[in-house]
Amino acid sequence: MPLEGLVNKMNSVKNILLVGVGGQGTILVSKVLTAGLMKAGYDVKMSEVHGMAQRGGSVTTQVRYGEKVYSPLIGKGMADILVAFEKMEAVRWIDYLKPDGIVVVNNYEIPSMPIATGKAEYPHGILESLKDNFKTIVIDAAQAATEIGNIKTQNIVLLGALVKAFNLTEVDWIEVLRETITEKMLDINIKAFNRGMEL
Amino acid sequence: MKRLMSGNEAIARGAYEAGVTVAAAYPGTPSTEILENIIEYKDCIYSEWAPNEKVAAEVAIGASIGGARSLAAMKHVGVNVAADPIFTYAYLGVNGGFVLVSADDPSMHSSQNEQDNRYYAKFAKMAMVEPSDSQECKDFLKEAYRVSEKYDTPILFRVTTRICHSKSIVELGEREDVEVKPYVKNIPKYVAAPANAKLAHARVEKRLLELEEYSNQSPLNRIEYNNKKIGIISSGIAYQYAKEVFGEDASYLKLGFTYPLPMKLIKEFSENVEELYVIEELEPYIEEQIKAAGIKCIGKEVIPKLYELNPEIIAKAILGKTYESKTLDVEVVPRPPVLCPGCPHRGFFYTMSKKKNRVITGDIGCYTLGANQPLEAMDTCICMGAGFSAGMGISKAFEVSGKKDKVFGVVGDSTFFHSGITGAIDIVYNKGNMVPVVLDNRITGMTGHQENPGTGRTLMGEPTTEIDVVEVLKAIGYKTVKVVDPCDLKAMENTVKEAEEATEPYAIVTKRPCVLIKGLPAPKNKCIVDRDKCKKCRMCLKVGCPAVFFKDGKSYIEQSMCVGCEVCMQVCKFDAIGRVGE
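What counts, and where the lines are drawn
Residues numbered from 1 in each chain as written. Chains lettered and ligands numbered in written order. Predicted model: local features only at pLDDT ≥ 70, side-chain atom pairs only at ≥ 80, totals over all residues. Heavy atoms only, no water. Helix = DSSP H or I, 4+ residues; strand = E, 2+ residues; numbered from the N terminus. Rg over C-alpha atoms; globule rule 2.2 N^0.38 Å. Buried < 20%, exposed > 50% of the residue type's maximum accessible area, 1.4 Å probe, protein only. Contact = heavy atoms within 4.5 Å. Buried area = accessible area lost by both parts, 1.4 Å probe. Salt bridge = Lys/Arg side-chain N within 4 Å of Asp/Glu carboxyl O. Polar contact = N/O pair within 3.5 Å; in protein donor to acceptor, adjacent residues only side chain to side chain. Nonpolar A, V, L, I, M, F, W, Y, C, P; charged D, E, K, R; others polar. Pairing = 2+ DSSP bridges. Phe/Tyr/Trp six-rings, centres within 6.5 Å; stacked < 30°, edge-to-face > 60°. Lys NZ or Arg CZ within 6 Å of the ring centre and 35° of its normal. UniProt positions renumbered as here; feature names shortened; annotations may be inferred. Domains from an automatic or database assignment. Right-handed = clockwise from strand over helix to strand, strands pointing away. Axes fitted to C-alpha atoms, helices over the stretch in contact; angles between N-to-C directions. pLDDT = per-residue confidence, 0-100. Patch = residues over 30% accessible without salt bridge, like charges linked within 9 Å, V, L, I, M, F, W, Y side chains within 5 Å. Areas by Shrake-Rupley, 256 points an atom, 1.4 Å probe, with all protein chains shown as cover. Lys, Arg positive; Asp, Glu negative; His and termini not counted. Charge placed at Lys NZ, Arg CZ, Asp CG, Glu CD. 1 Å grid on protein atoms, 1.4 Å probe; cavity = no way out; pocket = protein on both sides within 12 Å on 5 of 7 lines; lining within 4 Å. Points joined across faces, edges and corners; volume = space filled by probe spheres on them.

**Student:** Kindly report on the overall build of chain B, identifying the contributing residues and their values.
**Tutor:** When helices and strands are counted, chain B shows 19 helices and 22 strands. Here the C-alpha atoms of chain B give a radius of gyration of 27 Å, agreeing with the 25 Å that 2.2 N^0.38 yields for 582 residues. A principal-axis box enclosing the C-alpha atoms of chain B has dimensions of 80 × 65 × 55 Å. Of all 582 residues assigned to chain B, the portion counted as buried reaches 60%.

In C-alpha cells form, the structure reads like this:
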C-alpha cells in the first residue's frame, strides 16, 4: 500500500475522555477543564452530547489539547486518560483508551433501567478487571463529596483526581474555578477539588 | 479577543457581527443553542421561538423581504417542515440577506433519522456554505450574507452535531454596520404566481451559473498543497478528521462553499494529485458530482455512509491503520435514556401500560421515552405532530376492519402548538375514533427548556399572552377536555376510562410542570421504602423510575434522586413506601 510511510501526527495532542451518566455533571467538569487548558496557552477542542442522550443515558465528553488540534472527536484506542464518573461506564468506553492509558474511576454504581427492573445484574469485578489491565486510580468521590457536604460535588472531586493523575498542575485551577463556577457554589467546589487532589 | 465557543455560540456571534436584525427558530437538537445565544445580542437582534420551523422560516423570509438581514435556524428534520417556503423563496430571491441554518445529526444522537440536508441546496437551488469549526461558523456566516445579497439568493448554512456542540477557539470581531434596506413593493419579484414564477426559474438557473463562478474563486474554498501522493476533497467536520489523520502527508481541497461546487477548482486539484479521495460524512453528495463530471476518485467505496465519522474510522478506511485498544471481560448492561425521577409523563404512561393491547401513537419529545422499558406504552413515533394524525389513520384502519378500540394519540404542549393542532382538528372534523392527549409540562422539555406559546413568555424574556391548550381544544370542537394531574394515578385511570367510553369528541390534557423547571418550589417530601413491609413484588419497578431499584433483595429508593412525586407509592399494594421529610 502506497500510504504506509505516513506519520501519525496525533501524538503531540493529549486526549481526555470523560464518561458518566446524564445528570452527573460531566459538562461542568469539561467547562472548567477547557477554560484552564486554554489559559495555559493550548489549542483546545471539546465535544459533548446534548438532548435525548442526556436523560439518564450514557454520556461522554471529549477534551483534546495541544499545540494544534484539528478533530474535536477521538475514536477507539486514542484516549490518554479515561475519567469514569460511574463504574460500569468505565467498562463501556474502555476501548477508547490507549492500552497504556490511565483510568480514573469513581467507585460509584448507578443501576441502569434493565438492572433496576431486575432484567439484568450489575456487573461484578469491574475494579479488579480494570486494575489487571490498566494503570487504574479508584476514587470514592461520593463519599468525599458527602463528607464535604454536597453529594453533587462528586464531579469536581473527580476533576481534582484527574488533575493529579494527569499531572496538569501547570494551571492555577482554583483561579479557573473562581471564573467558571457561580459564587454560591464556589467554596464547596474548591473544597471538592482539593479533596480530589488529595485522594 | 479570543473565546472558546461552541459552533452554535459562534453562529450566534456571526449573526451579530454580520448585522443580522431578525432571527427565528424552533428548538431542536443540535440547533437549539443558536437562538439561545442570539438573545445575548437582543439590543440589536429581534429573535423569537416560532411555533414551528415553517413559521420560523417564513418570519425570516418576510424579514428579508422587508430589508433586514435575517436568519432561521432548525434541526435537519425541521427543514422538512420548512421546505415549502424555502423552495419558493429560492425562486424569489432576497432583499436583506437570508440564511437558513440546517443542523444535521449524523449518528442520530437526538434524532429520528440522519438525513443529509446538503441535498436540499441542490434540490431547492439555493447556495450552500459548510463551516468546519467554530471560527468558520462565525466568519463564513458573514460571507454568506454578502453572497446572499450580491447574488440574490437564500443560503443554506449546513452544520452538524460535532460542529454545533464542539467547542474551539474563536477570534471575535466587530459588528458590521448594516442598515435595514428600504422596502420597495415589487410584485413581479415577490408574488410567486405562475407567470412570475416562470420568469423566476429562468433567473435561478442563470444565478446558479454565476454562483459556480463565485465558488471557483470563493475564499471559502481553498487548496492546501503538501504531499501530492494523496489528494483529499472534504468539507465540514470531515475535513478536521482528515487533517488529523494525514496532516501534511496529503494535499487538501477544503470546501466551505459546497453548492454549486467549484468544478474548475476540483478538476485542477484532481490533475495535481496522484490519488484522489473524497472524505465526507453521510451521503456521497460531493463524490456523486465529481464522478458525474468524469473525474476519478475514491469515496464511499471505503468511507462509511452510516453514522458520524472520526479520525479512527478514516485512518482505518484509507490507511488500514488500527489503533490498539483493549476490552475487558466484564458484561456491560445497556444504559438507555429514561424519564427523570418525578417526570410528569410517568404517571400517564404507567396508567396506559396497564392495558397491553391499547394503541398509543406517540410523538417527538421527552415523552418518546414512554416507549422504553418497562413502560413500553407507545406504538409509533414518526415526526412532530404525527402523534395525533398517524393515530387518526390507525383509527380509520381499525374502523374499516370493524375494530372498535379507541386509539390514544400523544403530543407535548410545544408539539401541540407546532403541528398537533391540525391533527386535533382532523380528529373532530373527520370523526376519528380516538382520544388526543396533550402532555402539558409547561415547557419545551427535551431540548432544554425553551419558552413556547403556552408558557406566557417569549424568547426575549417578555411576558405575553399564554395560549390556553384547553380553550383551543374546546374551540376546535371537543365536547369534553379533561384536565388531570398525571401523577394522581386514580384520577388518571378514571380519565382514561371515561375517554374510552365517551361517544362525543373527548380530549385529555395532563397538566404538571417538568421537574427540571428552575424556580419551582422544592419537593415537600421524598419517598422511602419500609424494608420490613416490602414483599419483593417488584410492582414499584414497573413505573420505570431511575430512583427506584432493587438493592439487597428488596426495593430501594435512592434519596439523592427522589423528588417525591409519589407515583411509586401509589402502586405499592403493601403500603411499604412512605414519605420522609414532611
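After that view, the rundown keeps rolling.
**Student:** Just give me the short version of the interface of chain A and chain B, but keep the residues and values in it.
**Tutor:** Taken together, the contacts link 67 residues of chain A with 70 residues of chain B. Regarding the contact of chain A and chain B, the summed buried area is about 5,900 Å², with carbon and sulfur atoms giving 64% of it. Across the chain A-chain B interface, the total number found is three salt bridges. Where chain A packs against chain B, one counts 13 residue pairs in polar contact (both at pLDDT 80 or more). For the side of chain A that touches chain B, the secondary structure elements donating two or more residues are α1 (26-39), β2 (43-48), β3 (58-66), α2 (87-92), β5 (97-106), α3 (113-116) and α4 (126-133) of chain A. Sorting elements by how many residues they give to the side of chain A that touches chain B places β2 of chain A first, with six residues. Residues of the side of chain A that touches chain B, tallied by class, amount to 36 nonpolar, 18 polar and 13 charged. Taken together, the two bridges between β2 of chain A and strand β8 (residues 166-171) of chain B define a ladder with antiparallel strand orientation. Residue pairing for β8 of chain B: M46 of chain A is matched across the bridge by K167 of chain B.

**Student:** Tell me about the packing of aromatic side chains, and name the residues and values.
**Tutor:** All names here are of chain B. Taken as a whole and judged by the stated rule, the model has 14 aromatic pairs over all chains. Ring centres 6.1 Å apart and planes at 80° place the aromatic pair F87 and Y120 in the edge-to-face group. Here the residue F87 occupies a position in helix α4 (residues 76-92), and Y120 occupies one in helix α5 (residues 118-124), the gap between them amounting to 33 residues. Here F87 falls in the partly exposed class, since its relative accessible area comes to 23%. Y120 gets classed as buried once you look at its relative accessible area, which sits at 15%. An aromatic cluster is built from F87, Y120 and F123, whose rings are joined through pairwise contacts. Here the basic side chain of K228 rests over the ring of Y225, its NZ or CZ set 4.5 Å away from the ring centre. Lying over the aromatic face of Y323, K321 brings its terminal NZ or CZ to 4.9 Å of the ring centre.

**Student:** Lay out the pattern of salt bridges with the relevant residues and their values.
**Tutor:** Summed over the entire model, instances satisfying the criterion amount to 46 salt bridges over all chains. Between K98 of chain A and D80 of chain A there is a salt bridge; the shortest N-O distance is 2.7 Å. Of this pair, K98 of chain A sits in strand β5 while D80 of chain A sits in strand β4 (residues 79-84), and the two are 18 residues apart along the sequence. The buried category is assigned to D80 of chain A, whose relative accessible area is 10%. The partner of E498 of chain B in a salt bridge is K482 of chain B, with the nearest N and O atoms 3.6 Å apart. With E498 of chain B in helix α18 (residues 489-501) and K482 of chain B in strand β17 (residues 480-484), this residue pair connects regions lying 16 residues apart in the sequence.

**Student:** Give me the lowdown on the UniProt feature "binding site: [4Fe-4S] cluster 1" (unreviewed entry) in chain B, citing residues and values where you can.
**Tutor:** Residue and element names in this part refer to chain B. Mapped onto this structure's residue numbering, the UniProt feature "binding site: [4Fe-4S] cluster 1" (unreviewed entry) falls at C534, C537, C540 and C572. A compact arrangement is adopted by the annotated residues: their sequence extent is 39 residues, whereas the largest C-alpha distance between any two is 10.3 Å. What makes C534 buried here is its relative accessible area of 10%. Setting aside residues no more than four positions away along its own chain, C534 makes contact with V529, K554, S555 and A576. Inspection of the secondary structure assignment puts C537 in the loop between β19 (526-529) and β20 (548-551). In this structure C537 comes out as partly exposed when scored by relative accessible area, which is 41%.

**Student:** So, the domain arrangement of chain B: which residues are in play, and what are the values?
**Tutor:** Segmenting chain B into domains produces domain 1 (2-217), domain 2 (222-319), domain 3 (345-511) and domain 4 (526-580). Domain 1 of chain B and domain 4 of chain B are separated by 50 Å when their C-alpha centres are compared.

**Student:** Lay out the pairing of strand β10 (residues 230-235) of chain B with the relevant residues and their values.
**Tutor:** Residue and element names in this part refer to chain B. Burial runs high along β10: six of the six residues are buried. The side-chain alternation of β10 yields two buried faces, one formed by I230, I232 and S234 and the other by G231, I233 and S235. Sheet analysis places β10 next to strand β13 (residues 275-279), joined by five bridges and oriented parallel. Looking at β13, one finds that I232 is bridged to Y277. Two strands pair when backbone bridges link them, and β10 and strand β11 (residues 251-255) are joined in this way by five bridges, in the parallel orientation. Each residue of the ladder has a partner; that of I232, found in β11, is Y252. Crossover β10 to β11 through helix α10 (residues 236-246) is right-handed.

**Student:** Let's hear about the sheet that holds β13 of chain B: which residues, and what values?
**Tutor:** All names here are of chain B. Taken in spatial order, the four strands of this open sheet run β9-β11-β10-β13, and their pairing is mixed. Either end of the sheet is taken by a strand with one partner, and the two such strands are β9 (222-224) and β13. Ignoring which end each strand starts from, the neighbouring axes of this sheet average 20° apart. Across the sheet, helix α11 (residues 263-272) touches β9, β10, β11 and β13, and the angle it forms with β11 is around 170°.

**Student:** So, helix α1 (residues 7-17) of chain B: which residues are in play, and what are the values?
**Tutor:** Residue and element names in this part refer to chain B. In terms of residue burial, α1 counts as a mostly covered element, since eleven of its eleven residues are buried. Those residues of α1 lying buried are G7, N8, E9, A10, I11, A12, R13, G14, A15, Y16 and E17. G19 occupies a position one or two residues after α1 and carries a positive phi of about 80°.

**Student:** Give me the lowdown on the confidence of the model for chain A, citing residues and values where you can.
**Tutor:** Considering every residue of chain A, the mean pLDDT works out to 91; 92% of them sit at 70 or more. Segment residues 1-10 of chain A: pLDDT under 50, and 24 contacts once partners within four positions in sequence are set aside and those in other chains are kept.

**Student:** How would you sum up a positive patch on the surface? Please name residues and give values.
**Tutor:** A cluster of basic residues, K119 of chain A together with K356, K542 and K573 of chain B, forms a positive patch on the protein surface. With respect to the helices and strands, K542 of chain B occurs in the loop between β19 and β20. The class for K542 of chain B is partly exposed, based on a relative accessible area of 47%.

**Student:** I'd love a proper account of empty space enclosed by the protein, names of residues and values included.
**Tutor:** Counted by the stated rule, this structure contains seven cavities of 30 Å³ or more. The calculated volume of the largest cavity comes to roughly 110 Å³. Taken together, 15 residues form the lining of the largest cavity, with R55 of chain A together with C340, C343, C366 and C514 of chain B sitting closest to its centre. Of the residues that constitute the lining of the largest cavity, the class distribution is ten nonpolar, four polar and one charged.

**Student:** Would you mind going over the environment of R92 of chain A in detail, with residue names and values included?
**Tutor:** Structurally, R92 of chain A is set in helix α2. Relative accessible area serves as the criterion here: at 24%, R92 of chain A is assigned to the partly exposed category. Sequence separation of R92 of chain A and S58 of chain A is 34 residues, and the distance between their C-alpha atoms is 9.0 Å. Aside from chain neighbours lying at most four places away, what touches R92 of chain A is S58 of chain A together with V332, V333, P334 and R335 of chain B. Of the polar contacts made by the side chain of R92 of chain A, one reaches the backbone oxygen of V333 of chain B; its length is 2.9 Å.

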